[in-house]
Amino acid sequence: MRLKVNGEEREFQAGLTVAELLQTLGINDRYMALERNRQVVPRQDYGKTVLTEGDEIEIIRLVGGG
């Protein structure tokens, strides 16, 4: 299945959940937010939100500092 992740088209296994995508990418979901097709996906839904062909994913990492 092809997904666009942060503007880059990539190939992934079909039936992947948001949680599995983040694990595949090696991203800790603690300090980040995720949009699927311009809609924020609540963290509690990561394990049950199944991605589909052509989804556009934006992963925003939160950075602290001053």
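How each quantity is defined
In this numbering scheme, every chain counts its residues from 1 along its sequence in written order. It should be noted that, the model being predicted, local features are given only for residues of pLDDT at least 70 and side-chain atom pairs only at 80 or more, the latter also being counted only at that level, while totals for whole chains, interfaces and linings use all residues. The side-chain figures draw on all heavy atoms in the structure; neither hydrogens nor water molecules are used. Numbering of helices and strands runs from the N terminus, with a helix taken as a DSSP run of H or I at least four residues long and a strand as a DSSP run of E at least two residues long. Only protein chains enter the accessibility calculation, which uses a 1.4 Å probe; a residue whose area is less than 20% of its type maximum is buried, one above 50% is exposed, and one in between is partly exposed. Contact definition: two residues touch when any of their heavy atoms are within 4.5 Å. Salt bridge, as applied in this entry: a Lys or Arg side-chain nitrogen positioned within 4 Å of an Asp or Glu carboxyl oxygen. By nonpolar core is meant a set of buried Ala, Val, Leu, Ile, Met, Phe, Trp, Tyr and Cys residues that side-chain atoms within 4.5 Å join together. Strands pair, by our definition, only if DSSP identifies at least two bridges between them.

The name recorded for the chain in an unreviewed UniProt entry is Sulfur carrier protein ThiS, from Neomoorella humiferrea.

This next bit is on the environment of Leu 3. Relative to the elements of secondary structure, Leu 3 occurs in strand β1 (residues 2-5). Residue classification places Leu 3 among the buried residues on the basis of a relative accessible area of 1%. When the C-alpha atoms of Leu 3 and Glu 56 are compared, they prove to be 6.1 Å apart, with 53 residues separating the residues in sequence. The residues contacting Leu 3, other than those within four sequence positions of it, are Glu 8, Glu 9, Arg 10, Phe 12, Leu 21, Leu 51, Thr 52 and Asp 55.

What follows deals with the pattern of salt bridges. Applying the stated rule across the entire model yields four salt bridges. Salt-bridge contacts for Arg 2 lead to Glu 11; the nearest nitrogen and oxygen are separated by 3.2 Å. Note on Arg 2: relative accessible area 36%, which makes it partly exposed. Arg 36 is paired through a salt bridge with Asp 55; the nearest N and O atoms lie 2.8 Å apart.

Within the largest apolar cluster, 16 residues are counted, with the highest numbers of intra-cluster contacts made by Leu 22, Leu 34 and Ile 59. Secondary-structure elements contributing two or more residues to this core are β1, α1 (18-25), β3 (32-36) and β5 (56-61). Among the elements that make up this core, the one with the highest residue count is α1 (three residues). Look past the residues within four positions of Leu 22 in its chain and what remains in contact with it is Ile 27, Asp 29, Met 32, Leu 34, Tyr 46 and Ile 59.

This part covers the sheet that holds strand β2 (residues 8-11). Two modes of strand pairing occur in sheets, parallel and antiparallel, and in both the strands are linked by backbone hydrogen bonds. If you trace the five strands from one edge of the open sheet to the other, you get β2-β1-β5-β3-β4, paired in mixed fashion. Each of the sheet's edge strands pairs with one partner strand only, and the pair in question is β2 and β4 (39-40). Sheet topology places β1 next to β5; two bridges connect them, and they run parallel. By the bridge assignment for β5, Val 5 is matched with Ile 57.

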